Amino acid sequence: MITAVISGALLLWPLVTQRGIKEIDTRVAIQLINQQDAVILDVRDDSEFAAGHLPNSKHIPSEKIEERWVELQKFKEKPIVMIYRSGIRSNHPSSVLRKNGFAQVFNLMGGIDTWKRANLPIVKR
């Protein structure tokens, strides 16, 4: 019985901690971009962004999201696809947007590395 309760709690923990932030794969991200004009928000640091990012992406480093989220205000009704570093996922930027009324916030599973492995476009400008 105790094992079942613990197993159930462990399965539910990601849902509780993500606070409604959904993770998507590259296929879903591309659909959101092409069909719903989703905004790509890259929250990696400046040097990582300069090394390569998705075309037309907005860049606000994770540590500056609290002070700069208002730059995205005009995109509040659009889906927002968050791009992180591979293997390091912080829900902080996503949570900040959700807290400020952004209803459609999605994290790209695996971050930029997943995008690169799928041979999807990257720009360096």
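Cut-offs applied
The residue numbering used here restarts from 1 in each chain and proceeds along that chain's sequence as written. With the structure being a predicted model, the display of local features is reserved for residues of pLDDT at least 70 and the display and counting of side-chain atom pairs for 80 or more, all residues being used for whole-chain, interface and lining totals. Neither water nor hydrogens contribute to the side-chain values; these are computed over all heavy atoms in the structure. A run of DSSP states H or I qualifies as a helix once it reaches four residues; a run of E qualifies as a strand once it reaches two. Both are numbered from the N-terminal end. For each residue, the accessible area found with a 1.4 Å probe, counting protein chains only, is set against the maximum for its type, and the residue is called buried under 20%, exposed over 50%, and partly exposed in between. Only the protein chains shown count as covering a residue, and every accessible area follows the Shrake-Rupley method with a 1.4 Å probe. Contact between two residues is taken to exist if any of their heavy atoms lie within 4.5 Å; hydrogens are not considered. Confidence of the predictor in every single residue is expressed as pLDDT, which spans 0 to 100. Between any two strands, pairing holds if DSSP finds at least two bridges. Any two of the Phe, Tyr and Trp rings considered here, Trp counted by its six-membered ring, make a pair once their centres fall within 6.5 Å; the pair's planes then place it as stacked at under 30 degrees, edge-to-face at over 60, or tilted in between. Working rule: Lys NZ or Arg CZ, within 6 Å of ring centre, within 35 degrees of ring normal, means a charge sits over the ring.

### Structural notes on the overall build of the chain
The secondary structure content of the chain amounts to six helices and five strands. The N-to-C order of helical and strand elements in the chain reads α-β-α-β-α-β-α-β-α-β-α. Within the chain, buried positions represent 38% of all 125 residues. If you sum the accessible surface of the chain, you get close to 7500 Å²; carbon and sulfur atoms cover 55% of it.

### Concerning the side chain of Asp42
Examined against the element boundaries, Asp42 turns out to sit in strand S2 (residues 39-42). Assessed through its relative accessible area of 0%, Asp42 is described here as buried. Residues within four places of Asp42 in sequence aside, it is in contact with Phe49, His53, Lys58, His59, Ile60 and Ile83.

### Description of the confidence of the model for the chain
Of the residues in the chain, 82% reach a pLDDT of 70 or more, and the chain-wide mean stands at 87. Mean pLDDT in the chain bottoms out at helix H1 (residues 2-18), which sits at 52, and peaks at S2, which reaches 98. Throughout residues 12-18 the model reports pLDDT below 50, and contacts reaching past four residues in sequence, or to other chains, amount to five contacts.

### Details of the sheet that holds strand S3 (residues 58-59)
Read across the open sheet, the five strands follow the order S1-S5-S4-S2-S3; overall the sheet is parallel. Two strands lie at the open edges of the sheet, namely strand S1 (22-24) and S3, each paired on one side alone. Bridge count between S1 and strand S5 (residues 105-108): three bridges; the pairing is parallel. Directly across from Ile24, in S5, lies its bridge partner Leu108.

### Regarding the packing of aromatic side chains
Two aromatic rings are characterised by how far apart their centres lie and by the angle between their planes. Within this structure, the stated rule accounts for one aromatic pair. Measuring from centroid to centroid gives 6.3 Å for Trp69 and Phe102, while their planes differ by 90°, and the two rings are edge-to-face. One end of the pair, Trp69, is in the loop between helix H4 (65-68) and strand S4 (80-83); the other, Phe102, is in the loop between helix H5 (92-99) and S5, with 33 residues separating them in the sequence. Across the ring face of Phe102, the terminal group of Lys76 is positioned such that the distance to the ring centre comes to 5.8 Å.

### Brief notes about unusual backbone geometry
A positive phi angle, near 55°, is found at Asp37, a position not held by glycine. Mapped onto the secondary structure, Asp37 falls in the loop between helix H2 (26-36) and S2. One non-glycine residue, Asn56, adopts positive backbone phi at about 65°. Along the chain, the position of Asn56 falls in the loop between helix H3 (46-51) and S3.

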